[in-house]
Amino acid sequence: MLEASPPLKTKALVLFSGGQDSTVCLAWALQRYRLVETIGFDYGQRHHIELVCRMQILSRLAADFSWASGLGEDHIIDLRVLGQISETSLTSDMAIQMADNGLPNSFVPGRNLLFFTLAAALAYRRGITALIGGMCETDYSGYPDCRNDTIQSLAQSISLGMDRKYEILTPLMYLDKAATWRLGEELGGPDFTELVRQHSHSCYMGDRKQRFDWGYGCGACPACELRARGYAAWQNA
Ligand code: ZN
């Protein structure tokens, strides 16, 4: 479903967690780059199920969508050290709540800085300089490492530190969740929306038992609330 079919750029590496945002980013990248590799991080996340979901998404994309033919190698990086250096509700059995600094305690400090730096190091030896991620500062939970300023200054640091010009692209940066659902549908049609609903995972609690119209989840954690609200807004638009 390419619109005006601009010429494809060469290679990109997508930070792909198996969540809604990175799944839409992956479709975006596949329609713009000839070869798209993916990287995921195992950091002992409580919603470890997302690592299973991401494999299902990759195999479905390759099997069912002609525009996904550029899907290349997938890389999983063991980052369980994150759980040792940060006590957060994403890596241990704490309840998700707001902390004194106004951030939900699901925040793993500097997570995206680590993710992109590691992705750049992997990309370096694979001849890739375009890194793509689903960060969004519109209706994010206040995570400072999702801000465009953070991401773009990191791109500059990585370029300097690796002496190679890297780009970090964040196509969802200024979209709200309703717009992300809409973008997914524009990129891949209703079949792709169905893939996102059925297989992408956002719920912090790792719940894959309860099914809502927007997908699986507990329906109550901040990630489910955001996803549900965005889906409803998109449906009612
Ligand atoms: Zn949830």
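Heads up: the structure comes first, above all this text.
These lines cover the structure that appears in this document, whether it is placed above or below. (Residues numbered from 1 in each chain as written. Predicted model: local features only at pLDDT ≥ 70, side-chain atom pairs only at ≥ 80, totals over all residues. Heavy atoms only, no water.)

Observations regarding the packing of helix α1 (residues 20-30) against helix α6 (residues 177-199)
Describing two packed helices takes the angle between their axes plus the distance from one axis to the other.
Now for step 1: The interhelical angle for the contact between α1 and α6, taken along N-to-C directions, is 70°, at an axis separation of 10 Å. In terms of orientation, α1 and α6 fall into the roughly perpendicular class. Listed contacts from α6 to Gln20, Asp21, Thr23, Val24, Ala27 and Trp28 of α1 are Lys177, Thr180, Trp181, Leu183, Gly184, Leu187, Phe192 and Val196.
Now for step 2: Classifying every residue of the contact of α1 with α6 gives 8 nonpolar, 4 polar and 2 charged. (Axes fitted to C-alpha atoms, helices over the stretch in contact; angles between N-to-C directions. Helix = DSSP H or I, 4+ residues; strand = E, 2+ residues; numbered from the N terminus. Parallel < 35°, antiparallel > 145°, perpendicular 65-115°, else oblique. Contact = heavy atoms within 4.5 Å. Nonpolar A, V, L, I, M, F, W, Y, C, P; charged D, E, K, R; others polar.)

Here we look at the nonpolar core
Now for step 1: Membership of the largest hydrophobic core comes to 67 residues, with the highest contact counts inside it found for Leu26, Leu61, Phe116, Leu131, Ile132 and Phe192.
Now for step 2: When sequence neighbours within four positions are dropped, the list of residues in contact with Phe116 reads Leu15, Leu131, Ile132, Gly133, Met135, Ile151, Leu154, Ile158 and Ile168. (Core = buried A, V, L, I, M, F, W, Y, C linked by side-chain atoms within 4.5 Å. Buried < 20%, exposed > 50% of the residue type's maximum accessible area, 1.4 Å probe, protein only.)

Comments concerning the packing of aromatic side chains
Now for step 1: According to the stated counting rule, one finds 9 aromatic pairs in the structure shown.
Now for step 2: Each residue in the set Phe41, Tyr43 and Phe115 is aromatic and connected to the rest through ring pairs, giving one cluster.
Now for step 3: The ring of Tyr124 carries Arg164 above its face, with NZ or CZ at 3.7 Å from the centroid. (Phe/Tyr/Trp six-rings, centres within 6.5 Å; stacked < 30°, edge-to-face > 60°. Lys NZ or Arg CZ within 6 Å of the ring centre and 35° of its normal.)

Looking at the sheet that holds strand β2 (residues 33-42)
Now for step 1: Reading across the sheet, the 5 strands line up as β3-β2-β1-β4-β5 and stay open at both edges, with parallel pairing between neighbours. Of all the strands in the sheet, just β3 (71-78) and β5 (167-169) have a single pairing partner and so form its edges. Taking the axes of each pair of neighbouring strands and ignoring which way they run, one obtains an average angle of 25° across the sheet.
Now for step 2: Pairing analysis gives 6 bridges linking strand β1 (residues 9-15) to β2, with the strands arranged parallel. Counterpart to Val14 in the pairing with β2 is Thr38.
Now for step 3: Sitting on the sheet, helix α4 (residues 111-125) touches β1, β2, β3, β4 (130-132) and β5, and the angle it makes with β1 is about 140°. (Pairing = 2+ DSSP bridges.)

Here's the deal with the coordination of the zinc ion
Now for step 1: Protein coordination at the zinc ion comes from Cys203 (SG), Cys218 (SG), Cys221 (SG) and Cys224 (SG), with a distance range of 2.3 to 2.4 Å.
Now for step 2: Here the zinc ion is ringed by 4 donor atoms whose angles at the metal span 105 to 116°, and the overall shape comes out tetrahedral.
Now for step 3: Counting gaps between the donor residues of the zinc ion yields the pattern C-x14-C-x2-C-x2-C. (Donors = N, O, S within 2.8 Å, 3.2 Å for Na, K, Ca; no water. Tetrahedral: all angles 85-135°; square planar, octahedral: opposite > 155°, others 65-115°.)

Comments concerning the side chain of Ser22
Now for step 1: Along the chain, Ser22 falls in helix α1.
Now for step 2: In this structure Ser22 comes out as buried when scored by relative accessible area, which is 5%.
Now for step 3: Looking at Ser22, its side chain comes within polar contact range of the main-chain nitrogen of Gly18, at 3.4 Å.
Now for step 4: Ignoring anything within four residues of it in the chain, the contact list for Ser22 reads Val14, Leu15, Phe16 and Ser17. (Polar contact = N/O pair within 3.5 Å; in protein donor to acceptor, adjacent residues only side chain to side chain.)

This is a description of form; function is not addressed.
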